[in-house]
Amino acid sequence: MAKSNSEGHWAATSRLMYIALGIWAFFAFFIHFFVNSLNAIVIFGFPLGFWFAAQGSLIVFVALLFWFAKKQDDIDSEFGMAEED
Amino acid sequence: MANQVTGEQGFLANLGKVYGIYTGGFLAFIILVAILEQLGVPNRVLGYMFVGFTILVYAIIGVLSRTAQVSEYYVAGRKVPAFYNGMATGADWMSAASFVGMAGSLYALGYDGLAFVLGWTGGFVLVSVLLAPFLRKFGAYTVPDFLAARYGGNLARFLGVIVLICCSFTYVVAQIYGTGIIASRFLGLDFTIAVYAGLVGILVCSMLGGMRAVTWTQVAQYIVLIVAYLTPVVILSTQKYGIPVPELMYGQALQDITAREQEMIANGLAQAATLKPHVTAFLTYDRLNYFALILCLMVGTASLPHILMRYFTTPSVRDARKSVAWSLFFIFLLYFTAPSYAAFAKLEVYTNVIGQSLDALPAWISTYSNLDLVKIYGITLKGLGGGIGAVKAALAAGALDAAGVATSLQAAGQDALLASWSALSEPVKAVVFEAVKANPAIVASDIFTPSIQAAAQAAGNTTGLLTHGALAIDNDVIVLSTPEIAGMPYVIAGLVAAGGLAAALSTADGLLLAIANALSHDIYYKMVDTKAPTSRRLVVARILLVLVAIAAAYVASTRPSDILAMVSWAFSLAAAGLFPALVLGVWWKRANKWGAVTGMIAGFGICLYYLVGTRYYAVGFYEMWSGLSGASDAAVTKFNDLKAAFEGAAPEVKASALKALDTHAQTIANWFGVRNISSALFGLPVGFAVMIVVSLLTKAPSKAMQDFIDEIRRPKGKELMEGGNLVTEIH
């Protein structure tokens, strides 16, 4: 039981890692491949491709980290791996 | 003792109140300075008040946080709440270059400069997801501690220390250099004195209290730097657009910039070939270099020891994760504002400087021209001042015309004046000579306008208007001059100076601690004297801290010319040297000692080879790897011509021929056109590949090691190290 718990915890942790890195890679690299097409869209004066590199991706990174911390906490509790307070 | 403990618990329980009062006090102080300014107190006094007051506060925090406990000294007793550790990390992370130079890079590079904004923020995702919580669970004092435990011994530890020192030392030199620049610019201190004053400012914060003192001063420094960074641009946004949210309002500025760019090209103020439209991508960096730079900066962020070790100070693994999120939030506040600084400054320069008559330029131009930071046709007030001095000396030595100045100075042995004279262009020389001859009491500002007019005419500019190509602005000017451009009172400029100093000092503190701890803990305690008692460990730690700091200040005082370039190398070196070993150490149980050792050597070695080869041995590097170079045919022909010119050159022009050859070779000495700032693009995959292959070819880690890794992976349970020693040895 303890063993499977440990394995389950690591499997869930790894899955969350892949999801988080997937989102990271999308906003760190992938979306900026299309900067020239995105720049054709202008919102509040901001060409969208420029805005994503200057601000949009940064907002996503911050939100991603708070979400990630929350999710990993949930995983730790679910498998009884959380720290005692 | 009991008293001290309760006093400290009281401090930790009341952090909000303490820093709330501190922030209120700081704002009150700003208002006080503003009132003094209105009463006519001179600017220089106000500048000293700003810098003196803030450094005094840091020093008081540093002294109050002194400690005699090893765990307080190395990891602040692991009691720093996630939120405050986030602020401290923000200050630790944002350097003089982020504070002063980042907006300037965005001004100069436009979209391509955003690689720095992305790279220096996105890396924290890697920190939180891949590394920080696991290192926190492990419970080490230093990053090499982890390498030693995971990869069986001091060889891996030693390699880790070498990488750490290589990437941190140049970085700390640059911070001390930055304090010298800021203090000399705002306070008029001599640069060398300013450097050593900065050294004292750093030492009072870190020496007595180690990590504990650095943590609480960094929180205080973060508050100063973020207030200083946001205030001018918020005021500017309110002035121009009526809404105090620059991050939202600069969209309009971007539109105006684009319109003005086209207008300048249409009426001949700028050339389409040299003007880089602000929002257009890939004009400076091609796609490959843009994305390679983002990758290297991000992975480098996740590998820099002075950042990783900040997460050793949180009370729990859960707090370490939260703390990374808060860190990025606090860093984000500055980084997502930087593009608005750049846009506002660019719009101002494009509308109110370029296209103005050469005899009616705004006043701030001459302020920064005096510091050599703004050049018009290469002319600065500082340079003209040097030229006036040269002409006076030459007239005294009997020179009759402008052409005779150089020979007179040479004969009189006035090398410094000769250098200032030679730096002027021919038409400017004539203006300076005639002016000084007519009136020996003349000063540089009197001949500024005639000089740039003469240079403009020589350059074929007959309109008398300033063109885009004639104006060169140093990156640092953008943030420093914003208060002045917007006509704000001096108090705001003083605030910006205090913010820049806070950014430089806080980063220097963190780096210095990382280096000194690696030397005292990893080298001295772990490799030289493993039985040293606590008191001796702390004494050694402090002595090494002071020695490293003095060495860094000494190097900074010599004004090393490549220092800023070397800082950007730190990211690639850290990424290639440490990232594979750290990440695979947690995420791949099969990784073993020999894999890690060879992987670190290979990754770091390739990276260093590429950096040094392309920068310092460009000719040889190009000739060895010409098949891989991204050089165009024209560049190759030019290389061959310069090479032939160098080989056939007479002895007296050999040196200058070599310089021309080397300068050109640096532009083509590369693999596939990758710039050396992104050298981890080669170091990282090599490091990973070597580590994986060698690990698989050698023996798998023991059962005890596998259990150790399992322990690191689960937050529950005790730390695996205590007091800097493993609780259970791993065999």
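Some remarks on the overall build of chain A
A tally of helices and strands in chain A yields three helices and two strands. Secondary structure elements in chain A, listed N-terminal to C-terminal, are α-α-β-β-α. The dimensions of chain A, computed from C-alpha atoms along their principal axes, are 55 × 25 × 10 Å. In chain A, buried positions account for 35% of the 85 residues.

Some points on the overall build of chain B
Per the secondary structure count, chain B includes 32 helices and four strands. Computed over C-alpha atoms, the radius of gyration of chain B comes to 28 Å, within 12% of the 27 Å expected from 2.2 N^0.38 for 731 residues, which places it in the range of a compact globule. Across its three principal axes, chain B shows a C-alpha extent of roughly 85 × 70 × 55 Å. When contacts within chain B are restricted to residue pairs at least 6 apart in sequence, long-range pairs at least 24 apart make up 82% of them.

Some remarks on the confidence of the model for chain B
Residue and element names in this part refer to chain B. The predicted model of chain B averages 92 in pLDDT, with 99% of residues at 70 or higher. Per-residue pLDDT, averaged within each element of chain B, yields its smallest value for helix α1 (residues 2-13) (65) and its largest for helix α31 (residues 680-697) (98). The ipTM for the predicted assembly is 0.96, set against a pTM of 0.94.

Some thoughts on the interface of chain A and chain B
Counting from both sides, the interface comprises 36 residues of chain A and, opposite them, 39 residues of chain B. For the side of chain A that touches chain B, the secondary-structure elements that each account for two or more residues are α1 (2-28), α2 (35-38), β2 (46-47) and α3 (48-78) of chain A. At 17 residues, α3(A) tops the list of elements feeding residues into the side of chain A that touches chain B. Here the side of chain A that touches chain B is built from residues that sort into 24 nonpolar, nine polar and three charged.

Considerations on the packing of helix α21 (residues 426-438) of chain B against helix α22 (residues 444-458) of chain B
Residues and elements named next belong to chain B. At a closest axis distance of 8 Å, the pairing of α21 and α22 adopts a crossing angle of 150 degrees. In this structure, α21 meets α22 at a crossing whose hand is right-handed. The residues of α22 that touch α21, namely those facing P427, V428, V431, V432 and A435, are I447, P450, S451, A454, A455 and A458. Residue composition of the contact of α21 with α22, grouped by class: ten nonpolar, one polar and no charged.

Some points on helix α8 (residues 143-150) of chain B
For α8(B), the buried fraction is high: eight of the eight residues fall into the buried class. Looking one or two places after α8(B), you find B:G152, whose phi comes out positive at around 50 degrees.

Some words on the domain arrangement of chain B
All names here are of chain B. Under the domain assignment used here, chain B contains domain 1 (2-336 + 487-567), domain 2 (356-466) and domain 3 (587-702). Each of domain 1 and domain 3 was reduced to a C-alpha centroid, and the two centroids are 30 Å apart. With 15 residues of domain 1 at the contact, the number on the domain 3 side is 14 residues. Those elements giving two or more residues to the side of domain 1 that touches domain 3 turn out to be α9 (154-187) and α13 (287-301). At eight residues, α13 tops the list of elements feeding residues into the side of domain 1 that touches domain 3. In terms of residue class, the side of domain 1 that touches domain 3 is built from eleven nonpolar, three polar and one charged.

Comments concerning the packing of α3(A) against helix α15 (residues 317-335) of chain B
The geometry of α3(A) relative to α15(B) is characterised by a closest axis approach of 9 Å and an angle of 170 degrees between their N-to-C directions. Relative to α15(B), the element α3(A) lies roughly antiparallel. Contacts from A:L58, A:F61, A:V62, A:L65, A:F66, A:A69, A:Q72 and A:D73 in α3(A) reach B:R318, B:R321, B:K322, B:V324, B:A325, B:L328, B:F329, B:F332 and B:Y335 in α15(B). The class makeup of the residues in the contact of α3(A) with α15(B) is twelve nonpolar, one polar and four charged.

Comments concerning the nonpolar core
Grouped together as the largest cluster of nonpolar side chains are 275 residues, with contacts concentrated most on A:L65, B:L225, B:V432 and B:L512. The dominant element in this core, judged by the number of residues it contributes, is helix α24 (residues 490-528) of chain B, at 21 residues. Not counting the four nearest positions on each side in its chain, B:L512 is found in contact with B:V172, B:I202, B:S206, B:L545, B:V548 and B:A549. Core analysis: the next-biggest nonpolar cluster, separate from the first, contains nine residues, B:A618, B:F621, B:F639 and B:A669 among them.

Concerning the environment of B:A412
Residues and elements named next belong to chain B. Residue placement: A412 occurs in helix α19 (residues 402-412). A residue is classified by how many C-beta atoms lie within 10 Å of it, and A412, with 16 of them, is partly exposed. For the pair formed by A412 and F621, sequence separation is 209 residues and the distance between their alpha carbons is 43 Å.

A look at unusual backbone geometry
Residues and elements named next belong to chain B. With phi around 55 degrees, A76 is a residue other than glycine that occupies positive phi space. In this model, Y377 sits at a positive phi of 50 degrees, which is unusual for a non-glycine residue. Turning to its location among the elements, Y377 is positioned in the loop between β1 (374-376) and α18 (381-396).

Comments concerning the confidence of the model for chain A
The predicted model of chain A has a mean per-residue pLDDT of 93, with 94% of residues at 70 or higher. α3(A) holds the highest mean pLDDT among the elements of chain A, 97, whereas α1(A) holds the lowest, 92.

Considerations on the environment of B:G386
Mapped onto the elements, B:G386 comes out in helix α18. Given 20 C-beta atoms within 10 Å, B:G386 falls into the buried group.

What counts, and where the lines are drawn
- Residue numbers here run from 1 along each chain, matching the order of that chain's written sequence.
- Just so you know, chain letters begin at A and ligand numbers begin at 1, following the order they were written in.
- With the structure being a predicted model, the display of local features is reserved for residues of pLDDT at least 70 and the display and counting of side-chain atom pairs for 80 or more, all residues being used for whole-chain, interface and lining totals.
- Only DSSP runs of H or I reaching four residues or more are called helices, and only runs of E reaching two or more are called strands; each is numbered from the N terminus.
- Each residue is classed by its C-beta neighbour count within 10 Å, where at least 20 other C-beta atoms makes it buried, 12 or fewer makes it exposed, and intermediate counts make it partly exposed; the C-beta atoms are placed from backbone geometry.
- Note that the radius of gyration is over C-alpha atoms, with the globule rule given as 2.2 Å times the number of residues to the power 0.38.
- Each residue gets a C-beta atom placed from its backbone, and two residues are in contact if those atoms lie within 7 Å.
- pLDDT runs from 0 to 100 and stands for how confident the predictor is about each residue.
- Amino acids are sorted into nonpolar (Ala, Val, Leu, Ile, Met, Phe, Trp, Tyr, Cys and Pro), charged (Asp, Glu, Lys and Arg) and polar (every other residue, Gly among them).
- Orientation is described by lines fitted to C-alpha atoms, with helices fitted over the stretch in contact, and by angles between N-to-C directions that extend from 0 to 180 degrees.
- Working rule for handedness: look at the near helix, and if it is turned counterclockwise from the far one by less than a right angle, call the crossing left-handed; if clockwise, right-handed.
- An automatic or database domain assignment supplies the residue ranges for each domain.
- In what follows, roughly perpendicular refers to angles from 65 to 115 degrees, roughly parallel to angles under 35, roughly antiparallel to angles over 145, and oblique to any angle outside these ranges.
- Think of a nonpolar core as buried Ala, Val, Leu, Ile, Met, Phe, Trp, Tyr and Cys residues chained together by C-beta atoms that fall within 7 Å.

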